[in-house]
Structure formats: C-alpha cells, structure tokens
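# Residue-level structural notes
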Amino acid sequence: MEIFKYMSKYDYEQLVMCHDEASGLKAIIAIHDTTLGPALGGTRMWTYGSEEEAIEDALRLAKGMTYKNAAAGLNLGGGKTVIIGNPREDKNESMFRAFGRYIQGLNGRYITAEDVGTTVQDMDVIHEETDYVTGISPAFGSSGNPSPVTAYGVYRGMKAAAKEGFGSDSLEGKTIAVQGVGNVAYHLCRHLHEEGAHLIVTDINEEAVQKAVDEFGAQAVGINEIYSVDCDIYAPCALGATINDETIPQIKAKVIAGAANNQLKETKHGDILHEKGVVYTPDYVINAGGVINVADELNGYNKDRAMKRVETIYDNVTRVFEIARRDHIPTYKAADRMAEERIESMRKSRSQFLQNGHHILSRR
Ligand SMILES: NC(=O)c1ccc[n+]([C@@H]2O[C@H](COP(=O)([O-])OP(=O)(O)OC[C@H]3O[C@@H](n4cnc5c(N)ncnc54)[C@H](O)[C@@H]3O)[C@@H](O)[C@H]2O)c1
Ligand SMILES: CC(C)C[C@H](N)C(=O)O
C-alpha cells in the first residue's frame, strides 16, 4: 500500500504510529478530517493479519467517522484508532496508559472512545493520562458504554428503513437476520423482540448465540447461512465488508439495516443493491447513536439531551431515502452527499481568521 497516495486520494490529514516496547502497544491513530471540529472516533483492538491490513482499517474507519459525525449534525471531525492485538489476551494497564499519553500528545486533535475489542474499563485507564477520551465510567460523570445507545439508534433507524421498504415502520411480525450478537446487537435484539419481531441470529461466539436463543427466542444458524435465510431485514452487526460479490446474490432481505461499520465491501456493492431494489440503510447514518451519546460528554453529559439527539437518527435515515429518490442515486451516495454538503459549507464559512476562536473542548 502506498500510504501517502491513499491519504491523498481520500484527503486524510494525519496518520500516527504509536509504539511502546515495554507494554507491547502497537496502535495506529488515523485522523481523516477536522473541518467540523476535533476528530472523535473509537479505538478498535483486533488481531490483524498484517500491519498493512491494520493501517487500512484505521484509515477506512476514520473516514467513516468524518461522515458519521457530519451526517449526525455533530461539530466533530473523524478519526479512529486500531490497536494490533488480541483483546482477550494481549491487554494490560500500561498499554492503555501509554496509548493515553499518545492521545494527550495530539493535544485535542483526536478524542477516543470504545469500539470492537475495547471497554469502558480501558477508557478509564486511558483517562488516567488524558481528558481526550469519552465513554468513561458514569462514576466520572460520563456516559459509560455506548453500545446500548448505538443499539437504540439502530432500532430507530431500522424502523425508518422498514417504512421505506414495506410502507410501515412496524417491526411486529417481521423476520430479522442478525449477524453478530455482541455488545450492540444484543441490545438491538432486545428492542426487536419487545416489538414482536422474529429473530434469526449467528455469531462465532456460541455463548452469545445461546443468550439470544434463551432470552429472545431467536433461531440460531451457521456463520455462512445467515445471508441466505428467508427474512425481511438483514442486520449486519459484526465486522465490515459483509455486503460483497459473494453475499449479495444470497441475500433475500428487502431491507438491510445494521450496526456494523463499513458494511459495503466496495461502493459498487451499494450500486448493485440499488439496482436490485434492496433498501440499504447507510451504516454511518444508522449507527451514530454511540458517538452522539459520547459526544454529549464534551458539554457535560446529559442523558435526556443525548437521547433526544439519538432520536433524530429516524429522521436522518428518512432524509437519506428522500435524497436518494429525489436525485435517483443509491442510498450510500445520498448519505455521502448529505455529509459532504455540511462539511463543505462549514469549510467555506470558517475561512475567516479569528483570534482565539471558540473551541468545542473549552466547554468541558
Ligand atoms: N459499540 C458501539 O457503540 C458501536 C457504534 C457504532 C458502530 N459499531 C459497530 O458495530 C459492530 C459491532 O460492534 P460491537 O461493539 O457490538 O462489537 P462486539 O465485538 O461486541 O460484537 C461483534 C460480534 O460479532 C461477532 N463476530 C465477529 N465476526 C463474526 C462473523 N464472521 N460472523 C458472525 N459473528 C461474528 C463477534 O463474536 C461479536 O460477538 C462493529 O462493526 C462496530 O464497529 C459499534
Ligand atoms: C465514539 C464511538 C462510540 C464510536 C463507535 N465505535 C462508532 O463506530 O461509531
């Protein structure tokens, strides 16, 4: 991978390689765009096949956060971290302390939170070294684990997508295939079960599957079976790129709406879904609940205010479908248009010089 070529193609600002021999920290912080404000995005810990794969993931996820934050109406830019390692085996306190010092060194250009493989406890350790971290324990006056809020946002966005696909936003009696029943999808399944949906689930973690079967009466299927099951809605809630050349011909769902980041392997897969008449709900619009919730910490966390803002995901998803219909474009392009228009208008209006300009973190 030619890194500068890639950064130039998608207009990235900064890539930081963080290394601490003593703790084993190998982290990559990618900052995509800070036009709207400091870059806020979570930290993923994962066993990557190669360093190149990790860098690419950090870059792709950071760009997704720029669009997610912009589309959600937040005054925040986009960034993300990946830590190379197994979250079950390789974590230690000094690793997250070292990582916290690297974040502090960026002096507020990047603010972190949880993502796959990291927890509230990890954020608390990072907080020992820096204030540029969110999703820390409620004991610190913070918002804690963002996953239940992300799940609520996905649930609301899925209802808006159902309205588009089926003419009603009721999920009662709908069959929903959920891929991955981890932190977010467990709570999503609870909302869906409470509304009377039938659930089909899969996960590489058998315990997680069993919990969904026991608590929500879900039907369990194999890892590769999930794409081809008879269902109304496919909810990708594991990792990215699950909508691709191999899976699209298998998917029977009329609507796709889930929590995972970067669901389309390539943009052409969004075009194919559009041609097939599948209602694809752009990932970064529907899964913004977690970042909306942690971002509220920057103003002194207020749960009611944060949840009110999460409710807007229903309207944002609806708006994306309206733009797609109006401009005869696939939904992923409509979402990009919505986010890019906001960034561009702010870029233009901010060109005027201001001594000691107001900064979002000054309110903390
Ligand atoms: N946690 C949040 O607040 C949040 C916010 C926005 C987006 N997301 C995205 O949502 C997705 C899920 O996040 P999470 O926090 O629930 O993570 P998680 O790690 O708790 O859950 C992911 C689940 O997917 C399972 N999984 C992994 N590979 C799989 C495969 N091939 N097939 C089936 N299951 C598989 C894992 O075993 C795990 O149970 C991620 O893509 C994440 O980036 C999370
Ligand atoms: C800031 C975090 C809550 C980010 C979250 N992991 C996401 O992808 O949106």
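Residues numbered from 1 in each chain as written. Chains lettered and ligands numbered in written order. Predicted model: local features only at pLDDT ≥ 70, side-chain atom pairs only at ≥ 80, totals over all residues. Heavy atoms only, no water.

## Structural notes on the overall build of the protein
Within the protein, the secondary structure is distributed over 12 helices and 12 strands. The C-alpha radius of gyration computed for the protein amounts to 20 Å, which stays within 12% of the reference 21 Å derived for 364 residues, consistent with globular compactness. Each principal axis of the C-alpha atoms in the protein carries an extent, and together these give about 55 × 45 × 45 Å. Element-wise, carbon and sulfur atoms account for 47% of the exposed surface of the protein, whose accessible area totals about 16,100 Å². Taken as two groups, the 39 positive and 51 negative side-chain charges of the protein have centres that lie 6 Å from each other. (Helix = DSSP H or I, 4+ residues; strand = E, 2+ residues; numbered from the N terminus. Rg over C-alpha atoms; globule rule 2.2 N^0.38 Å. Areas by Shrake-Rupley, 256 points an atom, 1.4 Å probe, with all protein chains shown as cover. Lys, Arg positive; Asp, Glu negative; His and termini not counted. Charge placed at Lys NZ, Arg CZ, Asp CG, Glu CD.)

## Re the confidence of the model for the protein
Looking at the protein, pLDDT values average 96 and 97% of them are 70 or higher. Across the interface, the model reports ipTM at 0.98; the global pTM reads 0.95. (pLDDT = per-residue confidence, 0-100.)

## Side note on the domain arrangement of the protein
The extent of an interface is frequently quoted as the accessible surface area lost upon association of the parts. As assigned here, the protein comprises domain 1 (3–67 + 76–136) and domain 2 (147–338). Using C-alpha coordinates to define each centre, domain 1 is positioned 25 Å away from domain 2. Domain 1 puts 19 residues into the contact, and the matching count from domain 2 is 13 residues. Taken together, both faces of the contact between domain 1 and domain 2 bury some 1,200 Å²; the carbon and sulfur share is 63%. When the buried surface of domain 1 facing domain 2 is broken down by residue, R60, Y67 and T134 rank first, second and third, together holding 37% of it. (Domains from an automatic or database assignment. Contact = heavy atoms within 4.5 Å. Buried area = accessible area lost by both parts, 1.4 Å probe.)

## Focus on the site of ligand 1
Looking at ligand 1, there are 21 residues lining it, with R44, T150, D203, A238 and N261 nearest. For ligand 1, an oxygen atom lies 2.8 Å from a polar atom in the side chain of R44. Note that an oxygen atom of ligand 1 is positioned 2.7 Å from one of the side-chain N or O atoms of T150. Taking 830 Å² as the accessible area of ligand 1 by itself, protein coverage stands at 85%. Secondary structure elements with two or more residues in the shell around ligand 1: α5 (147–166) and α6 (183–194). In the shell around ligand 1, the residues fall into nine nonpolar, eight polar and four charged. (Near = heavy atom within 4 Å. Polar contact = N/O pair within 3.5 Å; in protein donor to acceptor, adjacent residues only side chain to side chain. Nonpolar A, V, L, I, M, F, W, Y, C, P; charged D, E, K, R; others polar.)

## As for the environment of A39
Looking at the secondary structure, you find A39 in strand β3 (residues 39–40). By relative accessible area, A39 is classed as buried at 0%. Taking C-alpha positions, A39 is 24 Å from G157, a pair spaced 118 residues apart along the chain. In this view, A39 contacts I31, T34, G77, G78, G79, R109, Y110 and I111; residues no more than four positions away in its chain are not counted. (Buried < 20%, exposed > 50% of the residue type's maximum accessible area, 1.4 Å probe, protein only.)

## As for the layout of surface pockets
As a volume, the second largest pocket reaches approximately 1,000 Å³. In terms of lining, the second largest pocket is formed by 33 residues, of which the most central are R60, N262, L264, K265 and E266. Contributing elements (two or more residues each) for the lining of the second largest pocket: β4 (43–46), α2 (51–71), α9 (283–286) and α12 (331–349). A total of 10 residues in the lining of the second largest pocket trace back to one element, the largest contributor, which is α2. Classifying every residue of the lining of the second largest pocket by side-chain character gives 15 nonpolar, five polar and 13 charged. (1 Å grid on protein atoms, 1.4 Å probe; cavity = no way out; pocket = protein on both sides within 12 Å on 5 of 7 lines; lining within 4 Å. Points joined across faces, edges and corners; volume = space filled by probe spheres on them.)

## Thoughts on the site of ligand 2
What surrounds ligand 2 is the set G42, M65, K68, K80, A113, E114, D115, P146, N261, G290, V291 and V294. The separation between an oxygen atom of ligand 2 and a polar side-chain atom of K68 is 2.5 Å. Secondary-structure elements contributing two or more residues to the shell around ligand 2 are α2 and α10 (289–295). Sort the elements by how many residues they give to the shell around ligand 2 and α10 lands first, with three residues. Class assignment of the residues belonging to the shell around ligand 2 gives a composition of five nonpolar, three polar and four charged. Residue assignment places the shell around ligand 2 across two domains, with domain 1 (3–67 + 76–136) and domain 2 (147–338) each supplying three or more.

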